[in-house]
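Chain by chain, the residues run as shown.
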Amino acid sequence: MNGEHKITSGHRARTALVYLRQSTLVQVREHTESTMRQYALADVAVSLGWAPQDVEVIDRDLGLSGTSAAHRAGFRDLMSRVCLGEVGAVLGLEVSRLARSNADLARLAEMARLTGTLLIDSDGVYDLSDFNDWLVLGLKSTMSQAELHIMAGRLQAAKLAAAERGELRAPLPVGLVYDDDGMVVTDPDAEVRAAVADIFACFAAAGSAYGVVAAFAGRKFPQRAYGGAWAGQLRWGPLTHHRVLQVLRNPAYAGAYVHGRHVTRKTVDADGNVRTVTAEVPRAQWKVLIKDHHPGYVTWEEYLAVEARLAANWTASGARTVREGSALCQGIIYCGSCGGPMVANYQGAGRANYECHSRRDGKKAPSCRGIATAALDDAVARVLLDALTPEQVALALAAASEVTGQHQRATRAAELAVERARYDADRAERAFSQVEPENRLVARTLEARWEARLTALAEAEQALESARATLPSLPGRDVLAAIAADLPALWHAPTTTPRDRKRLLRTLIADVTLLPEPDRAKARIGIRWHAGTADQLIIDRPRPSGIPAATPSPAAELIRRLGLTAGNDDLVAILARHGYLTGAGRPFDVKAVQWVRRVYGIPVPSPVAAGEVSVKDAARQLGCSPGVIYYWIETGQLETRRSSGNRLCIPWTPDTEAECRARIAASGHLNPAARRTRPRKTPRCPAEQPRMSAPNGII
Ligand SMILES: [Zn+2]
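Residues numbered from 1 in each chain as written. Predicted model: local features only at pLDDT ≥ 70, side-chain atom pairs only at ≥ 80, totals over all residues. Heavy atoms only, no water.

Engineer: An account of the coordination of the zinc ion is needed here, citing residue identities and associated values.
Structural biologist: Distances from the zinc ion to its protein donors, Cys 335 (SG), Cys 338 (SG), Cys 356 (SG) and Cys 368 (SG), fall within 2.2 to 2.3 Å. Coordination at the zinc ion comes from four donor atoms whose angles at the metal span 96 to 119 degrees, giving a geometry best classed as tetrahedral. Donor residues for the zinc ion, ordered by position in the chain, follow C-x2-C-x17-C-x11-C. Here Cys 356 lies in strand E16 (residues 351-356) and Cys 338 lies in the loop between strand E14 (333-335) and strand E15 (342-348), a separation of 18 residues in the sequence. You can call Cys 338 partly exposed: its relative accessible area is 31%. (Donors = N, O, S within 2.8 Å, 3.2 Å for Na, K, Ca; no water. Tetrahedral: all angles 85-135°; square planar, octahedral: opposite > 155°, others 65-115°. Helix = DSSP H or I, 4+ residues; strand = E, 2+ residues; numbered from the N terminus. Buried < 20%, exposed > 50% of the residue type's maximum accessible area, 1.4 Å probe, protein only.)

Dropping the structure here:
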């Protein structure tokens, strides 16, 4: 070997490491020749004078891709052992490509120079302490990098040229296959085709990817395996949300040929490791887009509509999707004063308000106002139903065909599953019947397989039965005609969910704005249609029940005049004598009077007459608790009078006050100085004490 004389006994006394590298598992599996040659390097080391037990092979990096050493444990191991100085020589098929990056190789060369380690490849032996060897290795490394670059450039250019003609073959999503001539066609398997088509149909009906997942509950979805032992095989599994998005967003299903939808970018993480991430490219930057390249499942326009719908569902980006609440304009209503969105605020008992969102952010304008959802929704729904009139028939017919389509899809999938199960069972039966009787072991296996297939067939048939049984019966043509004639009834029907109403609303109305309106009893609503036109309507704001604005002014005036002196009962009597009625046309009662008091801020007159005090006042004057006063009243020690509002009034004379004070002074409980006995050591639990009586003999 070239430069064999550079190997000294010192090198031979240390370990010889054979480093093996192969980028991918496919290369390892298919390029066995290269792998064999790499392993044969161990023999080369022995022939160069190393003892067989001193030769070690590092093959941990076989099948690992990447242009940096970060993920290759084998290369890191190699480096650390070279640094420790325990390696005499490193052998590789081509030393300049021992490492995939120049930086890694430079580091290895530097360490090898410092520790006197030789690098050996098929060209010869390199001693890095020799300047010529070091230079040659550096040149080779640079050239290999250049070679990679040029090769990659040529391959990429050829690839792009093929892609521009629409001829570059890429893995196809399930439901599309290459035919014998290499053309893209829809999958010949009807069950697969039906599954893919159903995703688009379910999305059109449900309006969301999660809706599609729900519609596929209990039903499996196919996936085509690429590469590996399962290459080309079809596997059925549960449909996930991620998978639905993949299908809906794949332009191949719209018959388009696309190249450059994704790019890979390199990033350096916090630990300094280089990572490769795949990112999606905006449509405007796709390198190749050929529409109508092959038969698809939807048209390009439908694909764009699906994309727009998905974007509208993307709440993380600020989209306001249809939610389940009853507020009809949720998500499309804006405040005309500050321009911000309005949100529905549910208050229970079927009541809700639209409120300006700025209030929560503290940016509310003085003219920002809310409105009860019911009032605004009714007005908007009326406008919508009026606008719908000419389209009633078309809508009902579309609904009918949608229902029929759903029926057919639901059973069609189950029918196809039965067909497939029957075919599998037939095949298993044929295999079993063809086996020679003497091959008993084989026959037993085939019989078990046949039985399993028959069980699967029975299950599939049962699934079909139940799918047929659980379907609701289709509405008759006459029922549909009635619906078509009476859309308002359908709109208000209890079976129509708020979501349905909102979707229908959003098909025609772009947004609703609550415009500023100086009259506080009215609300001005702006409606912008998708067609580009705009309407304005003014509605009466709903009045909360019992609001005194509705109270006729003579009655309100009377309550304001007399309210400070007359009690509620007296006022009711006076109002009745005048024959005044409330705004709702009912005679005044105490509650109605209380409402008027609250609005005009008229306090209830004190029930306590002159020369009287309330229990609270008495307690305050005497400096005792109201409980003491109540006790005296209960035990007949204090005179009281009940007022019209059932309040206790105590006639308060200087004599009464003196009597009370004397009673307190004599009480050992209230006046510790007068206590004749020692107080109880353990105070009674307050809960045990009767509320209005004191312990015997204390007062
Ligand atoms: Zn506002």
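Engineer: For the packing of helix H21 (residues 615-622) against helix H22 (residues 626-634), give the residues involved together with the corresponding values.
Structural biologist: The geometry of H21 relative to H22 is characterised by a closest axis approach of 8 Å and an angle of 115 degrees between their N-to-C directions. The orientation of H21 relative to H22 falls into the category roughly perpendicular. In this structure, H21 meets H22 at a crossing whose hand is right-handed. Each of Val 615, Ala 618, Ala 619 and Leu 622 in H21 lies in contact with H22, whose residues at this interface are Pro 626, Ile 629, Tyr 630, Trp 632 and Ile 633. Considered class by class, the residues forming the contact of H21 with H22 number nine nonpolar, no polar and no charged. (Axes fitted to C-alpha atoms, helices over the stretch in contact; angles between N-to-C directions. Parallel < 35°, antiparallel > 145°, perpendicular 65-115°, else oblique. Left-handed = near helix turned anticlockwise from the far one by under 90°. Contact = heavy atoms within 4.5 Å. Nonpolar A, V, L, I, M, F, W, Y, C, P; charged D, E, K, R; others polar.)

Engineer: Describe in detail the packing of aromatic side chains, supporting the description with residues and values.
Structural biologist: This structure, assessed with the given rule, holds seven aromatic pairs. For the ring pair Tyr 19 and Phe 75, a centre distance of 5.9 Å and an interplane angle of 65 degrees mean the geometry is edge-to-face. Taken as a pair, Tyr 19 in strand E1 (residues 15-19) and Phe 75 in helix H4 (residues 73-83) lie far apart in primary sequence, 56 residues in all. You can call Tyr 19 buried: its relative accessible area is 2%. A residue is classified by how much of its surface remains accessible, and Phe 75, at 2% relative accessible area, is buried. Consider the rings of Tyr 253 and Tyr 297, whose centres lie 5.7 Å apart with planes at 70 degrees: the pair is edge-to-face. Separated by 44 residues along the polypeptide, Tyr 253 in the loop between helix H9 (241-249) and strand E10 (257-259) and Tyr 297 in the loop between strand E13 (288-290) and helix H10 (300-313) bring together distant segments of the chain. By relative accessible area, Tyr 253 is classed as buried at 1%. Within the aromatic cluster, the residues linked to one another by ring pairs are Phe 200, Tyr 253 and Tyr 297. (Phe/Tyr/Trp six-rings, centres within 6.5 Å; stacked < 30°, edge-to-face > 60°.)

Engineer: How would you explain helix H6 (residues 131-164) if you had to name every residue and give the values?
Structural biologist: With 34 residues, H6 extends 49 Å between its outermost C-alpha atoms, agreeing within 8% with the 50 Å of an ideal straight helix rising 1.5 Å per residue. The complete set of buried residues in H6 reads Asp 133, Leu 137, Ser 141, Ser 144, Ala 162 and Ala 163. The secondary structure elements touched by the buried residues of H6 are helix H5 (102-115), strand E4 (118-121), strand E5 (124-127), E10 and E13. Two or three places before Asn 132, at the start of H6, stands the capping residue Asp 130, its side-chain oxygen 3.0 Å from that residue's backbone nitrogen. After H6 finishes, the residue Gly 166 shows a positive phi value of roughly 75 degrees. (Expected span 1.5 Å × (residues − 1). Polar contact = N/O pair within 3.5 Å; in protein donor to acceptor, adjacent residues only side chain to side chain.)

Engineer: Quick rundown of a nonpolar patch on the surface? Include the residues and the values.
Structural biologist: On the surface, a cluster of nonpolar side chains totalling about 410 Å² of accessible area is made up of Phe 131, Trp 134, Leu 135 and Leu 139. Note on placement: Phe 131 falls in helix H6. (Patch = residues over 30% accessible without salt bridge, like charges linked within 9 Å, V, L, I, M, F, W, Y side chains within 5 Å. Areas by Shrake-Rupley, 256 points an atom, 1.4 Å probe, with all protein chains shown as cover. Salt bridge = Lys/Arg side-chain N within 4 Å of Asp/Glu carboxyl O.)

Engineer: Explain the sheet that holds E16 to me, and be specific about the residues and the numbers.
Structural biologist: Taken together, the three strands give an open sheet; going across it, the order is E15-E16-E17, and neighbouring strands pair in antiparallel fashion. Of all the strands in the sheet, the pair left with one neighbour each is E15 and strand E17 (371-372). As paired strands, E16 and E17 are joined by two bridges and run antiparallel to one another. Residue pairing in the sheet places Asn 353 in a bridge with Ala 372 of E17. (Pairing = 2+ DSSP bridges.)

Engineer: How would you explain the pairing of strand E23 (residues 648-651) if you had to name every residue and give the values?
Structural biologist: Here strand E21 (residues 612-614) runs beside E23; their pairing, made up of three bridges, is antiparallel. Paired with Ser 614 across the two strands is Cys 649, which belongs to E23. As paired elements, strand E22 (residues 641-642) and E23 share two bridges and run antiparallel to each other. Residue pairing across strands places Arg 642 opposite Leu 648, the latter belonging to E23.

Engineer: Go over helix H18 (residues 553-562) with me, naming the residues and quoting the values.
Structural biologist: Among the residues of H18, those classed as buried are Ala 555, Ala 556, Leu 558 and Ile 559. On an axial view of H18, the arc spanned by its buried residues comes to 160 degrees, and they lie on one face. Set apart from the buried face of H18 by more than 90 degrees, the exposed residues are Ser 553 and Arg 561. Lining the buried residues of H18 we find helix H19 (568-578) and helix H20 (590-600). (Arc of directions from axis to C-beta.)

Engineer: Hey, could you go over the pattern of salt bridges for me, with residue numbers and the actual values?
Structural biologist: Within the structure shown, the criterion is met by 23 salt bridges. Note that Glu 56 and Arg 81 form a salt bridge whose closest N and O atoms lie 2.7 Å from each other. Of the two residues, Glu 56 is situated in strand E2 (residues 55-58) and Arg 81 in helix H4; the sequence distance between them amounts to 25 residues. Look at Glu 56 and you get partly exposed, because its relative accessible area is 32%. Note that Arg 275 is salt-bridged to Asp 269, the shortest N-O span being 2.9 Å. Relative accessible area serves as the criterion here: at 22%, Asp 269 is assigned to the partly exposed category. Salt bridges sharing partners connect three or more residues here, namely Glu 56, Arg 81 and Glu 86.

Engineer: Explain a positive patch on the surface to me, and be specific about the residues and the numbers.
Structural biologist: A cluster of like positive charges, contributed by Arg 427, Arg 430, Arg 449 and Arg 453, occupies part of the molecular surface. Locating Arg 430 in the fold gives a position in helix H13 (residues 392-434). The class of Arg 430 is partly exposed, set by a relative accessible area of 46%. (Lys, Arg positive; Asp, Glu negative; His and termini not counted. Charge placed at Lys NZ, Arg CZ, Asp CG, Glu CD.)

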